[in-house]
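Reading the structure
Each chain is listed here by its residues.
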Amino acid sequence: MDRRTFLATTASTGAAMLLPAGSARADLPQRYAGTTLKVMLGAGGGSWEAYRQSSEEFAAKTGIRFDYTFLPDTNAYTKTVLDVTTGTNAFDGYVYTYPWKGELATYFADLEAIVPTIEGAPQLDLDDYPGDVIDAYGRVDGKLIGLPILGDATMMVWNRAQYEKAGLDPAAAPATWEEIVTNGKALEAAGLNGFGLPGGKGWQVSIMWIILFFKYGGNYFGPNYAPQFNSDAGRKAANFLVDQLQPMAPAGNLTWDFPEMLDGLMTGVSGQGMIWPGGFGAMLDPAKSAEAANLSFQPTPEASLLGGWAVGVNDASRNREAAVLWATYLASREVQKSAPAPARISVLSDPALIESRPHFPATLEALSGKLALFPNVPQSSQIVTYMYEELNAALGGEKSADAAMDDLQASVEDFVASLDIRQ
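What you are looking at is a predicted structure, and each value in this text was computed from that prediction instead of being measured. (Residues numbered from 1 in each chain as written. Predicted model: local features only at pLDDT ≥ 70, side-chain atom pairs only at ≥ 80, totals over all residues. Heavy atoms only, no water.)

Quick notes on helix α19 (residues 401-419)
The terminal C-alpha atoms of α19 lie 27 Å apart, and with 19 residues this matches the ideal 27 Å at 1.5 Å per residue to within 8%. For α19, the full list of buried residues reads Ala-401, Ala-404, Met-405, Leu-408, Gln-409, Val-412, Phe-415 and Val-416. Seen along its axis, α19 keeps its buried residues to an arc of 140°; they face one direction. Facing away from the buried side of α19, by more than 90 degrees, are the exposed residues Asp-414, Ala-417 and Ser-418. Against α9 (203-215), α10 (232-245) and α18 (380-395) lie the buried residues of α19. Phi for Asp-420, located one or two positions after α19, is positive at around 55°. (Helix = DSSP H or I, 4+ residues; strand = E, 2+ residues; numbered from the N terminus. Expected span 1.5 Å × (residues − 1). Buried < 20%, exposed > 50% of the residue type's maximum accessible area, 1.4 Å probe, protein only. Arc of directions from axis to C-beta. Contact = heavy atoms within 4.5 Å.)

Here it is as structure tokens:
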């Protein structure tokens, strides 16, 4: 499954958890009434429909109209970068993912400088974001170019009933990946599958490798962007997948990506697994999940991979202040209360919201802890593609884990050379 399909899947799953839009919104200025903002809103699907609805609520309060563009993330990346770097400036605002921020920083507005100049704009409330989240999503060299509107970090799930059957303490969350393997072997001894490893040619197996790569202290690049994918950390991560997790995976996992991971946990095929918060709406719903009552969860041990999206504004926009007002509105506390995947502390810790979305405290813990990140280079999605091609081959026995890392290294070296990027 490709990234576009993954986004659509998580978005539609997240849509099932949407809360009714709040009615308590701060008064917004009317002086931009009649302005039309052209915005690149995202990849489509349930989550993005929620942001469109919030934008329409904003429009009703301000008189600002919208012209929306929805594109899958690879196309959105290309169109966004070309729009600002060529001076076309067809768009006023954009939803972007943080690996793009280095290319966009020069051309995006500094929200921290502009918001205080707009009377009636929602406050930034930057202290309301956990850990390194605001820096990861929005800061480049001290400049705040964006605000998180979709917070996402990887989670570990285990089946308490299966733990108990295997003689494990169902209340004891595994604290390391080594403990996950130990528990998985106990599950196997009880006739169960030890870990729902996604091994298909898709983003999720790459995500598994990235989490382990960070666990072992890996860095994607050295000086002058020299790739380090076949470093000791890269080899350890690949070998852990091949030698430790693959042997306890369910049959057919070499085609698995997000839908299969989620289904494995909901049906009891997987006694343990990694999942994104977007899956919790279905996973914890007894009407959809046979194992809903048996599942516990926590951040993935030792590091959680940060996903998600932020909203930013074209600094050259003729409607810059109106666009900044919109961006801060989407990221505001009140709007985030009805968002599918908020990143604010106050929202994720709100008792009233936790009652219907019990994964919020664990999500907050994940966002507050050690975060693994995607490669922060242009078109990092291409590097992820190289990752999953090589990892799928290693998991399928076509090559060794070390050989897969050497081939990944060669592919990334050629790719980085073609980009001609320098520190």
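Looking at the sheet that holds strand β6 (residues 147-150)
The mixed open sheet is built from five strands, whose spatial order is β2-β1-β3-β11-β6. Bordering the open sheet on either side are β2 (65-70) and β6, each of which pairs with just one other strand. For this sheet, the mean inter-axis angle between neighbouring strands, taken without regard to orientation, is 25°. Where strand β1 (residues 36-42) lies against strand β3 (residues 93-96), two bridges are found, and the strand directions are parallel. (Pairing = 2+ DSSP bridges. Axes fitted to C-alpha atoms, helices over the stretch in contact; angles between N-to-C directions.)

Describing α18
Between its terminal C-alpha atoms α18 stretches 22 Å, which fits the 22 Å expected from 16 residues at 1.5 Å a residue. Ser-380, Ile-383, Val-384, Met-387, Tyr-388, Glu-390, Leu-391, Asn-392, Ala-393, Ala-394 and Leu-395 are the residues of α18 that are buried. Against the buried residues of α18 lie α9, α10 and α19. Following α18 by one or two positions, Gly-397 adopts a phi angle in the positive range, close to 80°.

Section: the sheet that holds strand β9 (residues 295-299)
One open sheet holds the three strands; their spatial order is β8-β7-β9, and the pairing between them is antiparallel. The open sheet has two edge strands, β8 (272-275) and β9, and neither has a second partner. The average undirected angle you get between the axes of adjacent strands in this sheet is 25°. Note that strand β7 (residues 155-159) and β8 share four bridges and pair antiparallel. If you follow Trp-158 over to β8, its bridge partner there is Gln-272.

Thoughts on the packing of α9 against α18
Packing of α9 against α18 brings their axes to within 8 Å, and their N-to-C directions diverge by 90°. The pairing of α9 with α18 is recorded here as roughly perpendicular in orientation. Facing α9, whose interface residues are Trp-203, Val-205, Ser-206, Trp-209 and Ile-210, α18 presents Ser-381, Val-384, Met-387, Tyr-388, Leu-391 and Leu-395. Residues that form the contact of α9 with α18 fall into these classes: nine nonpolar, two polar and no charged. (Parallel < 35°, antiparallel > 145°, perpendicular 65-115°, else oblique. Nonpolar A, V, L, I, M, F, W, Y, C, P; charged D, E, K, R; others polar.)

Some remarks on the side chain of Asn-253
For Asn-253, the position within the fold is in the loop between α10 and α11 (258-267). For Asn-253, a relative accessible area of 3% corresponds to the buried category. Here Gln-246 takes part through its side chain, which lies 2.9 Å from a polar atom of the side chain of Asn-253. In this view, Asn-253 contacts Leu-197, Pro-198, Gly-199, Gly-200 and Gln-246; residues no more than four positions away in its chain are not counted. (Polar contact = N/O pair within 3.5 Å; in protein donor to acceptor, adjacent residues only side chain to side chain.)

With respect to the nonpolar core
Judged by nonpolar contacts, the single largest core of 141 residues is most densely connected at Leu-147, Trp-209 and Trp-326. For this core, the element with the highest residue contribution is α9, accounting for 10 residues. (Core = buried A, V, L, I, M, F, W, Y, C linked by side-chain atoms within 4.5 Å.)

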